[in-house]
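# A closer look at the structure
This is what each chain is made of:
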Amino acid sequence: MATKWKSTEMRGQLKEFILEILKRDEIRLIPGIGCTVLSFFLMEVILHGRFLRTTETISRSVVVNIFLGIGVWGMLSFLLRYQNRRWKPAHERFYKEWKQKLKIQQIWLVIAEVIALWAALVNFRYVYNHSWMYDNFSTGYALVFTAAFQWIVCEGVTLLYMKRKLEEYMEALEVINQKNLEAALRSEQMKVDLISNVSHDLKTPLTSMVGYIELIKKEELTDVLSDYVEVLSRKALKLKEMIDSLFDLAKTSSGNVELKMEPLEMNCLIEQVQADMGDRIKESGRELVVSLTKEDTEFTADSGYMYRICQNLLENALKYSQEHTRIFLKTTVIGEQEHQQKVRFEITNTAGYRMEFTKEQIVERFARGDESRSTDGNGLGLAIVNTYSAALGGSFDVNIDCDQFKAVVEFLK
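Scope of this entry: the structure provided in the associated data block. On a predicted model such as this, the values are computed, not experimentally measured, just so you know.

## Regarding empty space enclosed by the protein
Rolled over the atoms, a probe sized like a water molecule indicates the empty space that remains. All chains considered together, the criterion is met by 2 cavities of 30 Å³ or more. Taken as a whole, the largest cavity encloses approximately 40 Å³ of empty space. If you trace the largest cavity, you find it lined by L313, N316, A317, I347, N349, L382, F405 and A407. Elements that contribute at least two residues to the lining of the largest cavity include exactly α9 (303-320), β5 (342-350) and β7 (404-412). For the lining of the largest cavity, the class distribution of residues is 6 nonpolar, 2 polar and no charged. The volume enclosed by the second largest cavity comes to roughly 30 Å³. The wall of the second largest cavity is formed by I270, V273, C310, L314, L329 and F345. Among the secondary structure elements, those contributing two or more residues to the lining of the second largest cavity are α7 (266-276) and α9. Split into classes, the residues belonging to the lining of the second largest cavity amount to 6 nonpolar, no polar and no charged.

What follows is the structure, given as structure tokens:
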């Protein structure tokens, strides 16, 4: 039993040793060198066999090219691996280096092919000049064919090797992108959690402050103190509104929100928001031009979220539009096929400042088109519209044409 066990162990070790040797690049040289030497020996036989028949020369040259092709494959594979042994797909410049290396290798292959063809043609010319010594020119043709065939082999080996390196790069790039994506998702989730936690922690003391300010306002105060308390009350309410908006935005972005989807009428929703904000509209000095479609504008969404979307868009237009200008509200139904129809709400206003921003910039949190921040706003309005629209399965878009600012939301019917 002991002898048998030792024999089995030795066979296993020998197998591991052989596999380790086969993994090394040097092992590729053995068949390459052997086949190349054999092919050159056979080629020498052909070159000295001047009086061979054409069929015999062709058959022997085919055998030569097979062995020579195997030899070229083995040696060129080893050279490519050895030359690029430290070339790893671990940086962003890899693809540029890959293209450069491929170009250089193909140039060297062309140079080698030109030299080989030149030598074959010199031999063919020698055979032609001494045609009186030979029955045919088959040996000359054989060398030209060999030069062309071996160039094809070299080109194939090079392209195959470079393709494998590119595949390694793509696999490594996929892993890197996956890691970056996971890191970005974790970072975004940490930001959302931070905003949610901070907003939640600020709510309690701020609510107490607002309550105490309201109690102070009921006391007998001098005119100066009354003015101070009124300012504190407005600022505290504004801060509370901003914290509530930030908390809702973070909650919606994280997907941790319950939606109560129900049938809604876009026209009715616009009329309700317009009526609720009637005093604000009159104080702004802007004129509202409302154009509601006569088509059915029913769609499915969460009423609370949709009200906030329409309210934010109208507030944004009132805050940032030029004084004494008109604001256009419009509803339409787009799409010819019934199951692909969408309900669209557009609001267009003339800005009171230069709009040097893109849609991506203006929908970011705390981003404001009025860089001077001379207007009343916190930069969360359009970010909330964008986030809420996506959560409800709709879309939000912004079109900027000179001083005209158009915000568009669309939802499937």
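## Re the environment of Y161
Summarising the element assignment, Y161 is placed in helix α5 (residues 138-217). Residue Y161 is classed as buried on the basis of its relative accessible area of 9%. With 85 residues separating them in the primary sequence, Y161 and L76 have C-alpha atoms 9.9 Å apart. Contacts of Y161, omitting those with residues within four sequence positions, involve L80, R81 and N84.

## Describing the nonpolar core
Formed by 39 residues in total, the largest nonpolar core has its most connected members in M266, M306, I309, L313, L314, F345 and I347. A per-element tally of this core places α9 first, with 9 residues. Once you skip the residues sitting within four places of it in the chain, L314 turns out to touch V273, M277, I281, L288, L329 and I347. In terms of nonpolar packing, the next biggest core, distinct from the first, is built from 15 residues, V72, L76, L80 and V157 among them.

## Structural notes on the pattern of salt bridges
The full count for this structure, using the stated rule, is 7 salt bridges. A salt bridge links K406 to E346; the nearest nitrogen and oxygen atoms lie 3.9 Å apart. Here K406 is found in strand β7, whereas its partner E346 is found in strand β5, with 60 residues between them in sequence. Look at E346 and you get buried, because its relative accessible area is 10%.

## Focus: α9
Its 18 residues give α9 an end-to-end C-alpha distance of 26 Å, which sits within 8% of 26 Å, the value for a rise of 1.5 Å per residue. If you check the start of α9, you find a side-chain oxygen 3.0 Å away from the backbone N of G304, and it comes from D302.

Cut-off values and rules
- Residues numbered from 1 in each chain as written.
- Predicted model: local features only at pLDDT ≥ 70, side-chain atom pairs only at ≥ 80, totals over all residues.
- Heavy atoms only, no water.
- 1 Å grid on protein atoms, 1.4 Å probe; cavity = no way out; pocket = protein on both sides within 12 Å on 5 of 7 lines; lining within 4 Å.
- Points joined across faces, edges and corners; volume = space filled by probe spheres on them.
- Helix = DSSP H or I, 4+ residues; strand = E, 2+ residues; numbered from the N terminus.
- Nonpolar A, V, L, I, M, F, W, Y, C, P; charged D, E, K, R; others polar.
- Buried < 20%, exposed > 50% of the residue type's maximum accessible area, 1.4 Å probe, protein only.
- Contact = heavy atoms within 4.5 Å.
- Core = buried A, V, L, I, M, F, W, Y, C linked by side-chain atoms within 4.5 Å.
- Salt bridge = Lys/Arg side-chain N within 4 Å of Asp/Glu carboxyl O.
- Expected span 1.5 Å × (residues − 1).
- Polar contact = N/O pair within 3.5 Å; in protein donor to acceptor, adjacent residues only side chain to side chain.

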